[in-house]
Amino acid sequence: MNRLPAIIRVFPRVGIETYRRSALGMRRARPLETVVPSIASASIRLYSSGHEDESFEAFTDRFVKYFENAEDLFDLQRGLNNCFAYDLVPAVPIIEAALNAARRMDDYSTAVRILEGLKQKVENQQQYNLYLEELKPLKDELGILTPEEMST
């Protein structure tokens, strides 16, 4: 017969919008500072504060040690994701350590992906060629080809 909820039939002065707002838990929002002033200032998080004063040399040493101690493919790929996430091109020792780790884990595809990631990180083809020149002895030793060398 009557499809309105029982609360509206009993209290007709309460409009349907008021009922919906209270049923959904929607209340007029007050600024956070007026509710609890200390929470607003205490809830600020500084996510990048862990390595903010790290020099490039310290960065390089940290990732070289990480790749030298990587125990499985998950560790290697996790380190690569972290290393390539920074807004800089990794130094040659980092790439060498990552390629050695990929070879140690017998994962050729990850070694090729390292070179692909390096190509994406550098600014131009000339820088990529300089990296490849530096890495040539290691690439030859490990038998790693670049994607360009594979396609020809």
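What you see is a predicted model, and the numbers here were worked out from it, not measured in a lab. Starting afresh in each chain, residues are numbered from 1 along the sequence in its written order. Per-residue local features of the predicted model are confined to residues with pLDDT of at least 70, and side-chain atom pairs are confined, for both listing and counting, to 80 or more; whole-chain, interface and lining totals are unaffected and use all residues. Hydrogens and water molecules were not included; the side-chain quantities draw on all heavy atoms of the structure.

(A) View of the overall build of the protein chain. In terms of regular secondary structure, the protein chain is built from ten helices and zero strands. Seen in sequence order, the protein chain has helices and strands lined up from the N terminus as α-α-α-α-α-α-α-α-α-α. Accessible surface area values rest on a Shrake-Rupley calculation with a 1.4 Å probe, where residue burial reflects the displayed protein chains alone. Split by element, the accessible area of the protein chain, about 11,300 Å² in all, is 52% carbon and sulfur. Under the DSSP-based scheme used, a helix requires at least four consecutive residues in state H or I and a strand at least two consecutive residues in state E, with every element numbered from the N terminus.

(B) Highlighting unusual backbone geometry. If you check the backbone angles, D106 has positive phi at about 60° while not being a glycine. As for its placement among the helices and strands, D106 is situated in the loop between α7 (92–104) and α8 (108–121). Residue D106 is classed as exposed on the basis of its relative accessible area, which comes to 60%. Working definition: with a 1.4 Å probe on protein chains only, accessible area under 20% of the residue-type maximum means buried, over 50% means exposed, and in between means partly exposed.

(C) Structural detail: the nonpolar core. Of all hydrophobic cores here, the largest spans 30 residues; its most connected members are F67 and L99. Those elements giving two or more residues to this core turn out to be α5 (56–68), α6 (73–85), α7, α8 and α9 (125–142). We call a set of buried residues a nonpolar core when its members are Ala, Val, Leu, Ile, Met, Phe, Trp, Tyr or Cys and they connect through side-chain atoms within 4.5 Å of each other.

(D) Broad picture of the packing of α5 against α7. Close contact between α5 and α7 brings their axes to 8 Å; oriented N to C, the two are set at 5°. It follows from the interaxial angle that α5 and α7 lie roughly parallel. Counting all contacts with α5, which are made through F59, T60, F63, V64, F67 and E68, the residues of α7 involved are P93, I94, A97, A98, A101 and R104. Considered class by class, the residues forming the contact of α5 with α7 number nine nonpolar, one polar and two charged. Between N-to-C directions, angles span 0 to 180 degrees; the directions come from axes that are lines fitted to C-alpha atoms, helices contributing only their stretch in contact. Roughly parallel covers angles under 35 degrees, roughly antiparallel covers those over 145, roughly perpendicular covers 65 to 115, and oblique covers all other angles. By definition in these notes, contact holds between two residues if any of their heavy atoms fall within 4.5 Å. Under the grouping applied here, Gly and all other residues not named as nonpolar or charged are polar, the nonpolar ones being Ala, Val, Leu, Ile, Met, Phe, Trp, Tyr, Cys and Pro and the charged ones Asp, Glu, Lys and Arg.

(E) Expanded view of the side chain of T110. Its place among the elements puts T110 in helix α8. Residues in contact with T110, not counting those within four places in the same chain, are L73, L76, Q77, L80 and A102.

(F) Structural detail: the packing of α8 against α9. As a packed pair, α8 and α9 sit with axes 9 Å apart at the nearest point and diverge in direction by 155°. When the axes of α8 and α9 are compared, the pair comes out roughly antiparallel. Judged by the sense of rotation from one axis to the other, the crossing of α8 with α9 is right-handed. Taking contact as the criterion, the partners of L115, L118 and K119 in α8 are, on α9, Q125, Y128, Y131, L132, L135 and K139. In this scheme the handedness of a crossing depends on how the near helix is turned from the far one: anticlockwise by less than a right angle means left-handed, clockwise means right-handed.

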